[in-house]
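Next come the chains, spelled out residue by residue.
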Amino acid sequence: MRQPPASRRSIVIDTDPGVDDAIAILLALGSPELDLLGIATVLGNVSLALASDNARRICALAGRPDVPVFAGCARPLVGQPIAAEPSHGSNGLGGVSLPEPTMALADGHAVDWLVDALMRRAPGTVTIAALAPLTNVATALAREPRIVPRIGGIVAMGGAFGTGNCP
């Protein structure tokens, strides 16, 4: 049997929950090695409203209504949004129906929360798991450059140029 680690890594997840992000969030929620401080949502695979709803549904499925979900940027920094329905289905979760969210969205904008979460903790102690377009992260860095040395690391899921997810 695995022993829990002596200390857990604090992370924030920045996400646009489609199928792939849903799995990553579930793994983070169930990991004894991670202390998930909160989830920031952003327009990407789906609209901001649907991304925020999906993140809360995933937390409900995992029995973790204690993890706050903050809605962030509703549009890209430049250009027009690119729909990912061919890859993720109309609900972003491949048509899978998850339980209704058991908690409301957290108060405040995800970018403000991200800046605050980094500024309140010791430098280098929070990792950003960026699973979505980097709009929230870029906006946070532009808004408060002092967070740069406070970030313990950024783990980014990246992939395609141009159209992003494609069937």
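Q: Could you clarify how one ought to interpret the overall build of the protein in this entry?
A: The helix and strand inventory of the protein stands at five helices and five strands. The order of helices and strands in the protein, counted from the N terminus, is β-α-β-α-β-α-α-β-α-β. Looking at the protein residue by residue over its 167 residues, the buried ones come to 44%. A separation of at least 24 residues holds for 85% of the contacts in the protein among residues at least 6 apart in sequence. Only carbon and sulfur atoms are counted for the fraction: they give 60% of the accessible area of the protein, which is about 8,500 Å².

Q: Please explain a nonpolar patch on the surface as it appears in this structure.
A: Taken together, Ile23, Leu26, Leu27 and Leu61 make up a surface patch of nonpolar side chains, about 370 Å² in accessible area. Here the nonpolar patch gets three residues from one element, more than from any other, and that element is helix 1 (residues 19-30). Position of isoleucine 23 among the secondary structure elements: in helix 1.

Q: Would you explain the sheet that holds strand 5 (residues 151-156) in this entry?
A: As a general point, the strands of a sheet are linked pairwise by backbone hydrogen bonds and lie either parallel or antiparallel. Spatially, five strands are ordered 3-2-1-4-5 in an open sheet, and the strand pairing comes out parallel. This sheet does not close on itself; its edge strands, each paired only once, are strand 3 (69-71) and strand 5. Pairwise comparison of adjacent strand axes, ignoring direction, gives a mean angle of 20 degrees for this sheet. Pairing analysis gives five bridges linking strand 4 (residues 126-130) to strand 5, with the strands arranged parallel. If you follow threonine 127 over to strand 5, its bridge partner there is glycine 153. Helix 1 rests against strand 1 (9-15) and strand 2 (34-41) of the sheet, and its axis sits at about 160 degrees to strand 1.

Q: What am I meant to see in helix 1 here?
A: Count 3.6 residues to each turn of an α-helix, and residues three or four apart come out pointing the same way. Taking 1.5 Å of rise per residue, twelve residues should cover 16 Å, and helix 1 covers 17 Å from first to last C-alpha, within 8% of that figure. Along helix 1, the positions that sit buried rather than exposed are Asp21, Ala22, Ile25, Ala28 and Leu29. Buried residues of helix 1 fall within an arc of 130 degrees about the axis and therefore sit on the same side. Facing away from the buried side of helix 1, by more than 90 degrees, are the exposed residues Leu27 and Gly30. Residues of helix 1 that are buried in the fold lie against strand 1, strand 2 and helix 2 (48-61).

Q: Would you mind going over the packing of aromatic side chains with me for this structure?
A: Here a ring pair, both rings aromatic, is described through the centre-centre distance and the interplanar angle of the planes. Applying the stated rule across the entire model yields one aromatic pair. Between phenylalanine 70 and tryptophan 113, the ring centres sit 4.7 Å apart and the planes meet at 15 degrees, which makes this aromatic pair stacked. Within this pair, whereas phenylalanine 70 is found in strand 3, its partner tryptophan 113 is found in helix 4 (residues 110-120), the two being separated by 43 residues in sequence. What makes phenylalanine 70 buried here is its relative accessible area of 8%.

Q: Mind showing me how you'd approach the nonpolar core here?
A: Within the largest apolar cluster, 21 residues are counted, with the highest numbers of intra-cluster contacts made by Val12, Trp113, Leu114, Leu118, Ile128 and Ala140. Only strand 2, helix 4, strand 4 and helix 5 (135-143) provide two or more residues apiece to this core. The element contributing the most residues to this core is helix 4, with seven residues. If sequence neighbours within four positions are ignored, leucine 114 has contacts with Val12, Ile128, Asn136, Val137 and Ala140. One finds Ala28, Leu36, Ala55 and Leu98 within the second-largest nonpolar core, a separate group that totals 18 residues.

The rules behind the values
- For every chain, the first residue of the written sequence is number 1, and numbering continues from 1 along that sequence.
- For a predicted model such as this one, the threshold for reporting local features is a pLDDT of at least 70, and the threshold for listing and counting side-chain atom pairs is 80 or more; totals across whole chains, interfaces and linings nevertheless cover every residue.
- Calculated side-chain values reflect all of the structure's heavy atoms, with hydrogen atoms and water omitted.
- Elements are defined by DSSP. Helices are runs of H or I of four residues or more, strands are runs of E of two residues or more, and each kind is numbered from the N terminus.
- Burial classes: relative accessible area under 20% of the type maximum marks a residue as buried, over 50% as exposed, and values in between as partly exposed (1.4 Å probe, protein chains only).
- Note on contacts: a residue pair is in contact if any heavy atoms of the two residues lie within 4.5 Å.
- For the area figures, the Shrake-Rupley method with a 1.4 Å probe applies, and any residue is considered shielded solely by the protein chains shown.
- A patch consists of residues exposed above 30% relative accessible area that lack any salt bridge, with like charges linked at up to 9 Å and nonpolar side chains (Val, Leu, Ile, Met, Phe, Trp, Tyr) linked at up to 5 Å.
- For this analysis, a salt bridge means a side-chain nitrogen from Lys or Arg found within 4 Å of a carboxyl oxygen belonging to Asp or Glu.
- DSSP bridges decide pairing: two strands pair if at least two such bridges lie between them.
- With axes taken as lines fitted to C-alpha atoms, and helix axes fitted only over the stretch in contact, angles between N-to-C directions fall between 0 and 180 degrees.
- What a helix is expected to span follows from its residue count: subtract one and scale by 1.5 Å.
- This arc is taken over the directions from the axis of the helix to the C-beta atoms.
- Two rings from Phe, Tyr or Trp (for Trp, the six-membered ring) form a pair when their centres are within 6.5 Å of each other. A pair whose planes differ by under 30 degrees is stacked, one over 60 is edge-to-face, and the rest are tilted.
- The definition of a nonpolar core used throughout is a set of buried Ala, Val, Leu, Ile, Met, Phe, Trp, Tyr and Cys residues joined through side-chain atoms within 4.5 Å.

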